[in-house]
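# Summary of structural features
If you want the building blocks of each chain, they are given just below.
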Amino acid sequence: MTATHGGGCEDARPDKDYTNKTGFKNDAYQHDRDSNDDIVKPPPLPTEEDMYASGKVKLSRNEKWRILKNVAAVSAAFMVQFTAFQGTANLQSSINAADGLGTVSLSSIYAALVVSCIFVPTFLIKRLTVKWTLCLSMMCYAPYIGAQFYPAFYTLVPAGVVVGLGAAPMWTSKATYLTQAGSVYAKLTDQAVDGIIVRFFGFFFLAWQTAELWGNLISSLVFSSGVHSGNSQNTSNTLLTCGANFCMIGGGHHDNRNLHRPPDSEIYEISAIYLACVVVAVIMVAVLVDPLSRYGEKQRNSDPSRELTGIQLLSATAYQLKKPNQQLLIPITLWIGMEQAFIGADFTQAYVSCALGIRSIGYVMICFGVVNAICSLLFGSAMKFIGRFPILFMGAALHLGLIVWLLIWRPNPESPTVFFVISGLWGVGDAVWQTQINGLYGVLFRRNKEAAFSNYRLWESAGFVVAYAYSTHLCARMKLYVMMVVLLIGFLGYMVVEILHKRKALRLKAIAENPAAAADAAMQPPEEDDEKDEIDDEIIITHL
């Protein structure tokens, strides 16, 4: 609102200043005033610029629909993006098996991602904002898919490094966007923040995991329609080398005709389709997603005293590692990377390709993706009703049972249904980790979301690197034993975090209900609460 001076008639009475400190003069009110009182217009309402200057964001209740649109747009863009990448990655251990090229290139992705997680996300987000960091990072996936036209160590490995450098800021930006949008949505709808954040992550991973369906469907249809579609028969002795007995060491796998590389023309056709998907995904984010400044990002960066140097941003990410909750979550985060690497590389090569052929990889992984997507949505909503611990306990028990099954099972092409059952059940377990652990990071470290999710990606990527690094040096049986140990240690660490979280909630509740305890707590030096985001106090909800 701006001040306007009306055109009232002037009279012969002496001029008098009708302005005070709480308003401003308007001559149109002169003849309506009482002779003893000054008539003053009320002060102007704050403008949008004033709200930003004061560190506040004004939103109406109807903003929740726009938030849902943004969450849907981010989720759809990642679905299209990972239709390309997941489809490519699932084939690497089979189509580029010579000298371990495929797994080495995948290892380079996650090795670069580990380095990137330490300093790139916070630095890039501060400079480009969340939205444009997403766009730039997603474009980094294009060179790796393009390198499939000429696969070699000097093309795939450098392209993998570029993917790794872009992946860390991309995932951190996504997690920051969903967490901040979830916090605002919770305030708009008067719901619990942790439930909304987990629900948003559940919806995101529903869309993201369907990428397994579309990416593998594309590769399966292309392979099935080509000359490689014929099924090669192997002897019973060859099949004995599949499953837990599968080893890249010694070269015995070369006798298996199912593991031979498909024709280049089919691989080129698949790669061209995947490249187009990456471009479409970037356009979707650029056009459909609102900047996070709409929900407080500008306030977070507006104070010059909060602007950190590159060294300080690196220090903030590294400082996150000193927090006990973060340290306890490292093993379970490592497990998440290792189990994804196993299903995408070791299971597809040692079990599916070895027994059924490369053409069957897509169909088996479609089952993984569909079940994973459905369970991501289911577990994201179920957490509100049954809590986080029962879901995570179920996921740990399921994966432990699957590892034992894979140790004793002998793959047989005459029983293809078993491959789909194992793939689907693995998808159930993966959905548990993806939704619940992401949501747990968002709840425990809301104050420092960028640093927390950088650490999440760092340790998840370390899990990928470890799994891919020993992929060509260990037999499948030993890999399963290693994964079993990491799972048990990781779940134990998570249980300690859950106990500490419950104790803290009970302590704060006791302080709130006891005035004496509250007074004593007020006398103590204030401690930083990672679960409280100060940006929450800068969101104003209007009833428009």
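In this text the structure is predicted, and so the values were computed from the model without any measurement.

Attention now goes to the environment of A281. By the secondary structure assignment, A281 is in helix α8 (residues 264–288). Placed 208 residues apart in sequence, A281 and A73 show a C-alpha to C-alpha distance of 9.7 Å.

Attention now moves to the confidence of the model for the protein chain. With 74% of its residues at a pLDDT of at least 70, the protein chain reaches an overall mean of 78. Of all the helices and strands in the protein chain, helix α1 (residues 48–53) carries the lowest mean pLDDT, 43, while helix α13 (residues 388–408) carries the highest, 94. Between residues 1–24, whose pLDDT stays under 50, and residues either more than four places distant or in other chains, the model counts 39 contacts.

Within the secondary structure, F453 sits in helix α15 (residues 449–469). For the pair F453 and T176, spaced 277 residues apart in sequence, the C-alpha separation works out to 7.8 Å. Setting aside its immediate chain neighbours within four residues, F453 contacts T172, A175, T179, F201, N438, Y441 and G442.

A separate point is the state of the cysteines. Tallying each qualifying case throughout the model produces 2 disulfides. C242 shares a disulfide with C354; S-S distance 1.9 Å. The disulfide joining C242 to C354 has a torsion of about -75° about its S-S bond and is therefore left-handed. Placement of C242 in the loop between α7 (236–239) and α8 and of C354 in helix α11 (residues 324–355) is noted, with a sequence separation of 112 residues between them. For C242, a relative accessible area of 0% translates into the label buried. Accessibility expressed as a relative area gives 1% for C354, which makes it buried. Disulfide partner of C247: C475, at an S-S distance of 1.6 Å. Between C247 and C475 the sulfur-sulfur dihedral comes to about 110°; the bridge is accordingly right-handed.

Reading the values: rules and limits
- Residues numbered from 1 in each chain as written.
- Predicted model: local features only at pLDDT ≥ 70, side-chain atom pairs only at ≥ 80, totals over all residues.
- Heavy atoms only, no water.
- Helix = DSSP H or I, 4+ residues; strand = E, 2+ residues; numbered from the N terminus.
- pLDDT = per-residue confidence, 0-100.
- Contact = heavy atoms within 4.5 Å.
- Disulfide = S-S within 2.5 Å.
- Buried < 20%, exposed > 50% of the residue type's maximum accessible area, 1.4 Å probe, protein only.

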